[in-house]
Each structure stands twice: as structure tokens, then as C-alpha cells.
Amino acid sequence: MKQLITLIAPILLLLAGSPAVHAAEPEDGTLPPMSVGQPTIDRLIRQCDSLYTIGFSFAAKGLSRMADWYIGQSVAAISSLRGAITDLYMAKKEVREDEEFVSDNELVKSELGIDLSGLMDFAKALQGMADEMGDAVETLMPGAEIGREKRLWWPMRESVSLVSPYGPLFHGLVLEYKGNKEEAAKYYAIAMLNPYLDPGIVDFGFLADMEMDELLALSRKLSGRENDYRNVFSGNDFYFELPAYLPWSAEYHRAMAIAWLEGDNPNYYTAFHYLEAALHTDPFDIVNYENLARMCVATGNYRDLATYVSEGLSIDPDNAFFNGMAEVYKKHHK
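Residues numbered from 1 in each chain as written. Predicted model: local features only at pLDDT ≥ 70, side-chain atom pairs only at ≥ 80, totals over all residues. Heavy atoms only, no water.

### Observations regarding the overall build of the protein chain
Helix and strand counts for the protein chain stand at 13 helices and 0 strands. The helix and strand sequence of the protein chain, counted from the amino end, reads α-α-α-α-α-α-α-α-α-α-α-α-α. For the protein chain, buried positions account for 43% of its 334 residues. A separation threshold of at least 6 residues defines the contact pool for the protein chain, and within that pool the share at least 24 residues apart is 63%. Total accessible area on the protein chain is roughly 18,400 Å²; 56% of this is exposed by carbon and sulfur atoms. (Helix = DSSP H or I, 4+ residues; strand = E, 2+ residues; numbered from the N terminus. Buried < 20%, exposed > 50% of the residue type's maximum accessible area, 1.4 Å probe, protein only. Contact = heavy atoms within 4.5 Å. Areas by Shrake-Rupley, 256 points an atom, 1.4 Å probe, with all protein chains shown as cover.)

Structure (C-alpha cells):
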């Protein structure tokens, strides 16, 4: 099955160069064509639509995890693109506000002899403290609301699909724009090494040159397509923030799980999450379900065992291992 899907998917993506000309039909998952007037983004949308259509066919058969593997790539790409647009918009907004402050400060200084720059420096110092202290900081003085960088959002977008290269790609774009080139290079490398990256859909540098109103309009236009994808996507509860230099590789995640199980003090919790990542990366390989089922038995996690046994049997009803695990679950879950 895995080999068949591997052969079919690239063919379907190649055939998707010309989007369908008819409106979406609920029974086949075909979305109406959409264009934002920018060739690179339009090509990305066509690729995402193709992946969505393939995933829709799996969802119609009740194979939601396999459906999510395809649709998750669509959600991750457009969500990450919109995330980059939002971050660029906010960065430009901050620059504009700083420029306006300098202009206003010069006016106040010339007319009243008061220099407000010291107050701005103090506010920035408070902001820096808030960022460093994280969620423990809500306010630093009565009535003062300090905004904090949302460090959670990029890991959440990238967790939607570990095989998608676009979360890291757009994350790197934002970091580069903000001047953090060393960190940006790390994310670019992860994206460029990803075998699922289309080399014709990598140059999004034009976003940094767009005006704020253009960015806002683009994000709003893309939001409808993202919602179309999310209507069928069921994997929003998966979150993965462990180190992963090859996040698209199930073999990599399995190797990391083994590494955390070795030694005198094995870390079952971390190993379990790497095995979960392996399953999200490749839900077509029955071994990934088996590994998680074994880990559930080893740790007494019979609630999750039921999930993996059920999913394993939906793929291979005659599988001796999962039928045996079903009996184990019945014995321990009364």
C-alpha cells in the first residue's frame, strides 16, 4: 500500500498543474480554482489543493490519519504562509510606530523641551523582561499591559504536518527578516533537505517587500482556503516540539526513540512522543502503530493502546499482533 501511494501521489501532483474549472463537489473533494495573482503562491495553492483532494478520498473511507497526512500538508503550508505574513505585518507595524514616535518626539522636544525617548527605552526594557520571563509575566506594573512574543505559534504550525517543508521555510523567512540569520539558516536547511519540497515553490522573499495593506489583504484571502482544508483535517490535537533535524523521516524519529530508551534511566515519555512523531510522519507503515502499541503495554497506557490497536486493525484486520493486543486491552480494561 505504501509503495502504491508513493507512486500515485507524484503523478497526481503533476496532473494538478491546471486546476479544475468546476465548483467544489462534496463527493470528490475538488476545490474551486483560486488565485491571489502571485505565481509562487498560486502554484503552492494548486499543490495544496491536490494534496487535499487525495486526503479527502482517504477521509471518505474513514482513514482519518492517512487523510491527515495529505491534508495536513495543505493546512501547514497555508497556515505557515499566513503566519509569516502576520509576523512581517507586525514587524513593519512596529517600525512604522517607532518612526512616528521619533517624529512626534522631535515635535514635543522642540515645542515643550521634553524628551520622551527615555520613556520609550524604559518601555522596551520592560518588554525585554517580559519576553525573558515568559508566561509568568502578565503585567509589570498596575494598568500596564506588556505584549509578549508568541513563541508557541511556530511549533504549533509545524506540528500540523511534520513532513511539510513550509513551516520551517516560512519560519526561516521571518527570522531572516528580523535579522536572526543564524537561526534562519537552521530552518532553511531543514526545509531544503526535505524531499517533499518542490524546488519551484521556495522563493517567497517578495513578501518582505509588500506593503502592510497588501499583506493584510493577502492573509485574509488565504484564510478561506485554509478553512476549507481544516474542515476535513482532524489532527489539530498533535503538538511536537522535541529536537528533530529530519522531521519528515519516520526512521529518524524511531532512532531518537531508541536513543531515549537506552541506558540505565530510560525516558519513556520522550521516547513515546518520538514514536508518535514517526506515526504522524508515516501512517502507512504498520510498524509505527505496532511500536506505539508495544510502548503503551510497557508503560500501562491502555487508553492509548485501544486507539493504536483500532487503527492498526482498520489497516490490516487479520494482523495477528493487533488481534493479540486487542485481547490484552480487554484483559486490563474492565
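### A look at the packing of aromatic side chains
Tallied over the entire structure, the rule returns 14 aromatic pairs. Ring geometry for W69 and Y70: centres 4.8 Å apart, planes at 85°, overall edge-to-face. Each member of the pair, W69 as well as Y70, carries the same accessibility label: buried. Each member of the aromatic cluster is reached from another via a ring pair, and the members are F58, W69, Y70, Y196 and F284. (Phe/Tyr/Trp six-rings, centres within 6.5 Å; stacked < 30°, edge-to-face > 60°.)

### Notes on the pattern of salt bridges
In this structure the tally under the stated criterion is 9 salt bridges. A salt bridge links D228 to R225; its shortest N-O distance comes to 3.8 Å. On the criterion of helical spacing, the pair formed by D228 and R225 is a turn pair, its members being 3 residues apart in helix 8 (residues 212-230). Of the residues examined, D228 reaches a relative accessible area of 27% and is grouped as partly exposed. Between R254 and E251 there is a salt bridge, with the nearest N and O atoms lying 3.8 Å from each other. Here E251 and R254 lie together in helix 9 (residues 250-261), a separation of 3 residues that amounts to about one turn. You can call R254 buried: its relative accessible area is 17%. Overall, E251 belongs to the partly exposed group, its relative accessible area being 48%. (Salt bridge = Lys/Arg side-chain N within 4 Å of Asp/Glu carboxyl O.)

### What to know about the nonpolar core
Formed by 48 residues in total, the largest nonpolar core has its most connected members in L44, F204, L207 and L222. Broken down by element, the residue count for this core peaks at 13 residues, all from helix 3 (residues 64-112). When near neighbours in sequence (up to four residues on either side) are disregarded, L222 contacts M34, V36, I41, I45, I78, L81, R82 and I85. Counting residues in hydrophobic clusters, the runner-up holds 25 residues, among them L162, F240, A244 and A257. (Core = buried A, V, L, I, M, F, W, Y, C linked by side-chain atoms within 4.5 Å.)

### Considerations on the packing of helix 10 (residues 268-281) against helix 11 (residues 286-299)
Where helix 10 contacts helix 11, the two axes come as close as 9 Å, and the packing angle between them is 160°. Classified by the angle between their axes, helix 10 and helix 11 sit roughly antiparallel to one another. The two elements helix 10 and helix 11 meet at a crossing, and its hand is left-handed. Contact residues: Y268, A271, F272, L275, E276, A278 and L279 in helix 10; N288, Y289, N291, L292, M295, C296 and T299 in helix 11. (Axes fitted to C-alpha atoms, helices over the stretch in contact; angles between N-to-C directions. Parallel < 35°, antiparallel > 145°, perpendicular 65-115°, else oblique. Left-handed = near helix turned anticlockwise from the far one by under 90°.)

### Digging into a nonpolar patch on the surface
Together, L152, W153 and M156 make up an exposed nonpolar region whose accessible area comes to about 290 Å². Relative to the assigned elements, L152 resides in the loop between helix 4 (117-133) and helix 5 (153-160). (Patch = residues over 30% accessible without salt bridge, like charges linked within 9 Å, V, L, I, M, F, W, Y side chains within 5 Å.)

### Considering the confidence of the model for the protein chain
Looking at the protein chain, pLDDT values average 82 and 75% of them are 70 or higher. Long-range and interchain partners of residues 1-25, a stretch whose pLDDT sits below 50, account for 32 contacts in this model, where long-range means more than four residues apart. Low pLDDT (under 50) marks residues 134-149, which in the prediction has 22 contacts with non-local residues, meaning those over four places away or in another chain. (pLDDT = per-residue confidence, 0-100.)

### Quick word on helix 11
For an α-helix, 3.6 residues make a turn, and residues three or four places apart therefore share a direction. In this model helix 11 runs 20 Å from its N-terminal to its C-terminal C-alpha over 14 residues, within 8% of the 20 Å that 1.5 Å per residue would give. Of the residues making up helix 11, those classed as buried are N288, Y289, E290, L292, A293, M295 and C296. Phi turns positive, to about 70°, at G300, one or two residues after helix 11. (Expected span 1.5 Å × (residues − 1).)

### A short note on the packing of helix 11 against helix 12 (residues 302-315)
At a minimum axis distance of 9 Å, the contact between helix 11 and helix 12 shows a crossing angle of 155°. Relative to helix 12, the element helix 11 lies roughly antiparallel. When you trace helix 11 past helix 12, the crossing you get is left-handed. Residues I286, Y289, L292, A293, C296 and V297 of helix 11 form the contact with helix 12, whose own contacting residues are Y302, D304, L305, Y308, E311, G312 and I315. A class-by-class count of the residues in the contact of helix 11 with helix 12 yields 10 nonpolar, 1 polar and 2 charged. (Nonpolar A, V, L, I, M, F, W, Y, C, P; charged D, E, K, R; others polar.)

### Points about the environment of A185
Its place among the elements puts A185 in helix 7 (residues 181-193). Along the primary structure A185 and L175 are separated by 10 residues, whereas in three dimensions their C-alpha atoms are 8.9 Å apart.

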